[in-house]
Amino acid sequence: MTTHPIATVHGYPRQGPGRELKRATEAYWAGHATAADLLATAAKLRRDVWQQLAATGIGEIPSNHFSLYDHVLDAAFMLGAVPPRHRAAAPADARPGTPEHMLAVYFAAARGTADVAPLEMTKWFDTNYHYLVPELGPDTVFRADPGKPLTEFAEAKLLGHTTRPVLLGPISFLLLSKPHADAPAGFQPLTLLDRLLPVYAEILADLRAVGAEWVQLDEPALVQDRTPAELDATARAYRDLTALTSRPRLLVASYFDALGEALPVLARTAVEGLALDFTGPAAANLPALASLGGLPGKRLVAGVVDGRNIWTAHLEQALATSATLLGLANHVDIAPSCSLLHVPLDATAERDLDPQVRRWLAFARQKTDEVVTLARGLAEGRDTIAPQLAANRAARDSRATSTLTHDPAVRARCAAVRPEDARRTTPYTERATAQHARLGLPALPTTTIGSFPQTADLRTARAELRAGRIDAAGYRERMAAEIREVIAFQEKTGLDVLVHGEPERNDMVQYFAEQLTGFLTTRHGWVQSYGTRYVRPPVIAGDVSRPHPMTIDWYRCAQDLTDRPVKGMLTGPVTMLAWSFVRDDQPLADTVRQVALALRDEVTDLEAAGAAVVQVDEPALRETLPLRRTAHASYLAWATEAFSLTTSGVRADTQIHTHMCYAEFGDILSAIDDLDADVISLEAARSAMAVAAELATAGYPREAGPGVYDIHSPRVPTTEEITGLLRTALAHLPAERLWVNPDCGLKTRHWAEVRPALENLVAAARAVRATLATPDGGR
Ligand SMILES: [Zn+2]
């Protein structure tokens, strides 16, 4: 072990500077490239990253952080935990052991085939990355299959790098898994720990045998609230793994929050090192570590540069934290707080940005430079990094004093917000009466969630506008033509509350980000969302305001075509934050309030333009919940205030809708109630209306539209199916408070499915309506 601090990273973006991995993978799927082509591209991307990290001065380079699709899926394959339906999915002509066979099984688990469903996908902690959820049961037989980490270790070794393989740790692997469909009720994957540990032991021994000195075991699940039994399992796992005679040294890594009660548990084990996050809320690791007496005899990898935001670090502060940590472990190395998977590759590629602003940004390459600088400052003294510290200070000063980050008008308006500004003045029951009188809707009113299919024609029009082949007027005419068709279809089908279909929206966050002051959009800032899907999150860099209306023209264009009410459609403030990179120089509660005020102006403009119904979508409300339960209340307080501030400026007879894209909302039900929206639509079709019973049990007092059409599937639901779902819903919710709508927006579907599905939806609503005691359902 060296005595001087070195710099390291937990992981790095996988896609390559030109998203080569995405292109190669999609070419393989389309049959335009062979398995060998794809694997060669992947190997080259790995080599390039290792060489670049070494050239930058990273002292210990990781391996096995690369993935063709997802690192949790890789862990399932490494442990032999592959569902039989995916093992059987390889084509008959692919011989077991060949790359063709391996990739067929791997991608069957990742994406499904015509015959078998893929693994479920869910969010990786509170990031916007999605992992595939391993399926385990009492019959699961683990088997070591360390080919991937061994191959990648050997590849790097050939280049002269002895890397630190990164594996998902056994506790997190089990806690991130779910029981398979045939597992008995109540089965907990963690009960498989004793069966799993010998497989980890075998893999560790194999890695040691080829020369690995350190192996990193990622245990991010330990930063969440854990039960005593789970903490006991953690102690047992690392007692067993450290008792092995032939193994590399073990570095147990945690990130995204502080370890809390898991810190003393891990500190007491014989693992040789811990990697801890010291940024944001995880800064609580520092006092916790101090009160524990540090990590005598152990290595500490100190995550002092935020690995998830895109801002230049405060180098002086990080250096001071690192210097404090030097006294708390036998040896300290410097790293970003987590894998750099969650940030784009290189800020210098953003040539369209003002150079003043660009130097505030640190993507993966810049963060790598920052940890190298910090390690050097610690090892050789701060004089050796004086130029970097000076440049860092200048960048931070320019950000702190910029007119972009400080708009006095926005600040004054935020400061003047009173609690009553975030409350509607009329209670819900009175509003409901006024809204029913204004809208005159039948019982079980039908509507959709907002978007209609984004056709190839629409995407072509956007591309032509970008390329300058059509002008703004030409683009507008193409969109207006689409709106005419969408409105005509809805009228003919008999829907009650119409939408304009959102043909003009490239993305529900980016569309608004491009129009709001304070948001930046990047050209190359791609971040992996899942598999080959990459997103370019906007950056909230400054004070947010709305220089001009954003949706009013489109709303008018649609409403002028029909006598039926058309919904105004907006993305809510919490979702705008959740799917953007946010400022780190002020509390989120301040940023969200600025966004809420900008959106509030849009809501009141929609009302003034004649909208009787305005929908503000908050699909990210639940997914943004902090990892620790103790932090939930303060998050929900500012999140619900932001929604209310957005929507509370309207008259009593203007109906506010909101939409959420999931069914599991038990833990935020009281927050949903606090939103005080008049109508909420939720996903429910796949859970057979369980949502309706939950809303009833919770005494939800307002109107609700639990989805009756699963839009995640190309299947067209029959009138009878939808009728059945509505009857189930009516067993729990009164007819006068029940809406009829799909689970979510229709933009990913095709017209060929949407047309008959919505016709069936309207037919089902009419059929059930006819059986109600009073034809208007008490409206
Ligand atoms: Zn949705």
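Presented here is a report on the structure given in the accompanying data block.

How each quantity is defined
- Residues numbered from 1 in each chain as written.
- Predicted model: local features only at pLDDT ≥ 70, side-chain atom pairs only at ≥ 80, totals over all residues.
- Heavy atoms only, no water.
- Salt bridge = Lys/Arg side-chain N within 4 Å of Asp/Glu carboxyl O.
- Helix = DSSP H or I, 4+ residues; strand = E, 2+ residues; numbered from the N terminus.
- Buried < 20%, exposed > 50% of the residue type's maximum accessible area, 1.4 Å probe, protein only.
- Phe/Tyr/Trp six-rings, centres within 6.5 Å; stacked < 30°, edge-to-face > 60°.
- Pairing = 2+ DSSP bridges.
- Right-handed = clockwise from strand over helix to strand, strands pointing away.
- Contact = heavy atoms within 4.5 Å.
- Axes fitted to C-alpha atoms, helices over the stretch in contact; angles between N-to-C directions.
- Left-handed = near helix turned anticlockwise from the far one by under 90°.
- Nonpolar A, V, L, I, M, F, W, Y, C, P; charged D, E, K, R; others polar.
- Donors = N, O, S within 2.8 Å, 3.2 Å for Na, K, Ca; no water.
- Polar contact = N/O pair within 3.5 Å; in protein donor to acceptor, adjacent residues only side chain to side chain.
- Parallel < 35°, antiparallel > 145°, perpendicular 65-115°, else oblique.
- Core = buried A, V, L, I, M, F, W, Y, C linked by side-chain atoms within 4.5 Å.
- Expected span 1.5 Å × (residues − 1).
- Arc of directions from axis to C-beta.

### Digging into the pattern of salt bridges
No. 1: According to the stated counting rule, one finds 49 salt bridges in the structure shown.
No. 2: The closest approach of N and O atoms between D678 and R431, which form a salt bridge, is 2.9 Å. Of this pair, D678 sits in the loop between α25 (669-674) and β19 (679-682) while R431 sits in helix α17 (residues 428-439), and the two are 247 residues apart along the sequence. By the burial criterion, D678 is buried, and R431 matches it.

### Quick notes on the packing of aromatic side chains
No. 1: Applying the stated criterion to the full structure yields 16 aromatic pairs.
No. 2: When the ring of W29 is compared with that of F107, the centres are 5.3 Å apart and the planes differ by 90°; the resulting orientation is edge-to-face. Of this pair, W29 sits in helix α1 (residues 20-29) while F107 sits in helix α5 (residues 99-111), placing them 78 residues apart in sequence.
No. 3: Residue classification places W29 among the partly exposed residues on the basis of a relative accessible area of 24%.
No. 4: Judged by centre distance (5.8 Å) and plane angle (50°), the rings of F125 and F256 are tilted.

### Points about the pairing of strand β7 (residues 214-218)
No. 1: Of all the 5 residues making up β7, 5 are buried; the element is thus mostly covered by neighbouring parts of the structure.
No. 2: Burial along β7 is two-sided: the residues W214, Q216 and D218 and V215 and L217 are all buried.
No. 3: As defined by bridge partners, strand β5 (residues 164-168) adjoins β7 across 3 bridges and the pair is classed as parallel. When the sheet's bridge partners are listed, L167 is paired in β7 with L217.
No. 4: Sheet analysis places β7 next to strand β8 (residues 249-253), joined by 5 bridges and oriented parallel. Bridge assignment links Q216 to a residue of β8, and that residue is L251.
No. 5: Since β7 and β8 lie parallel, the crossover through helix α9 (residues 228-242) that links them has a hand, and here it is right-handed.

### Focus: the environment of C414
No. 1: Tracing the backbone shows C414 in helix α16 (residues 408-415).
No. 2: Using a relative accessible area of 10% as the deciding quantity, one classes C414 as buried.
No. 3: Ignoring any residue separated from it by four or fewer positions in sequence, one finds C414 in contact with R593, Q594 and L597.

### So, the packing of helix α2 (residues 35-56) against helix α14 (residues 364-380)
No. 1: Close contact between α2 and α14 brings their axes to 10 Å; oriented N to C, the two are set at 40°. Like other packed secondary-structure pairs, α2 and α14 cross with a definite hand, here right-handed. When α2 is examined against α14, the residues Q52, L53 and T56 are found in contact with a partner set consisting of R365, T368, D369 and V372.
No. 2: Residues belonging to the contact of α2 with α14 are distributed by class as follows: 2 nonpolar, 3 polar and 2 charged.

### Let's talk about the coordination of the zinc ion
No. 1: At 2.0 to 2.1 Å from the zinc ion lie its protein donor atoms, namely H659 (NE2), C661 (SG) and C744 (SG).
No. 2: Overall, the relative accessible area of 2% leaves H659 in the buried class.
No. 3: The exposure class of C744 is buried, given its relative accessible area of 15%.

### A look at the environment of D560
No. 1: Mapped onto the fold, D560 is located in the loop between α21 (552-559) and β16 (567-571).
No. 2: On the basis of relative accessible area, D560 is assigned to the exposed category, the value being 65%.
No. 3: Separated by 177 residues in the primary sequence, D560 and R737 have C-alpha atoms spaced 28 Å apart.

### Remarks on the side chain of T279
No. 1: One can find T279 in the loop between β9 (273-277) and α11 (285-291).
No. 2: According to the relative accessible area criterion, T279 is buried, its value standing at 12%.
No. 3: Engagement of the side chain of T279 in a polar contact is seen with the side chain of D277, the distance being 2.8 Å.
No. 4: When near neighbours in sequence (up to four residues on either side) are disregarded, T279 contacts G303, V304, V305, D306 and S337.

### Thoughts on the sheet that holds strand β20 (residues 703-706)
Backbone-to-backbone hydrogen bonds join strands into a sheet, with any given pair of strands oriented parallel or antiparallel.
No. 1: Overall, parallel pairing links the 5 strands, which are arranged β16-β17-β18-β19-β20 in an open sheet. In this open sheet, the two strands that pair with only one neighbour each are β16 and β20. The sheet shows a mean angle of 20° between the axes of neighbouring strands, taken without regard to direction.
No. 2: As judged from the 3 bridges shared by strand β18 (residues 655-659) and β19, these two strands associate in the parallel manner. The partner of H657 across the bridge, within β19, is V679.
No. 3: Sheet contacts for α17: β17 (613-617), β18 and β20; angle to β20, the most-contacted strand, approximately 70°.

### What to know about the packing of α16 against helix α23 (residues 588-608)
No. 1: One way to put it is that α16 packs onto α23 with a least axis distance of 10 Å and a crossing angle of 90°. With respect to each other, α16 and α23 are oriented roughly perpendicular. In this structure, α16 uses V410, R411, R413 and C414 to contact α23, whose residues at the interface are R593, Q594, L597 and D601.
No. 2: Here the contact of α16 with α23 is composed, by residue class, of 3 nonpolar, 1 polar and 4 charged.

### With respect to unusual backbone geometry
No. 1: Despite not being glycine, E502 shows a phi value in the positive range, around 55°.
No. 2: Relative to the helices and strands, E502 resides in the loop between α19 (472-493) and α20 (510-513).
No. 3: In this structure, A688 takes a positive phi of about 50° despite not being glycine.

### A look at the nonpolar core
No. 1: Ranked by size, the top nonpolar core spans 114 residues in total, and within it W124, F142 and F173 carry the most contacts.
No. 2: When residues in this core are grouped by element, the largest group, 8 residues, is from helix α8 (residues 193-209).

### A word on α9
Counting along an α-helix, one turn takes 3.6 residues, and residues three or four places apart therefore face a common direction.
No. 1: Between its terminal C-alpha atoms α9 stretches 21 Å, which fits the 21 Å expected from 15 residues at 1.5 Å a residue.
No. 2: For α9, every residue scored as buried is listed here: E230, L231, A233, T234, A237, Y238, L241 and T242. End-on, the buried residues of α9 take up no more than an arc of 155°, which puts them together on one face. Exposed positions of α9 whose direction lies more than 90 degrees from the buried face are P228, A229, D232 and R239.
No. 3: Residues of α9 that are buried in the fold lie against α7 (170-176), α8, β7, β8 and α10 (262-268).

### Side note on the sheet that holds strand β11 (residues 329-336)
No. 1: The strand order across the open sheet built from 7 strands is β1-β5-β7-β8-β9-β10-β11, with neighbouring strands paired in parallel fashion. The strands lining the two open edges of the sheet, one partner per strand, are β1 (62-63) and β11.
No. 2: Alignment of strand β10 (residues 295-305) against β11, held across 7 bridges, turns out to be parallel. When the sheet's bridge partners are listed, L295 is paired in β11 with A329.

### Re the pairing of strand β15 (residues 539-545)
No. 1: In terms of burial, β15 is largely enclosed, as 7 of its 7 residues are buried.
No. 2: In this structure, strand β12 (residues 517-520) lies alongside β15, joined through 3 bridges in antiparallel fashion. Of the residues in β15, the one forming a bridge with F519 is I540.

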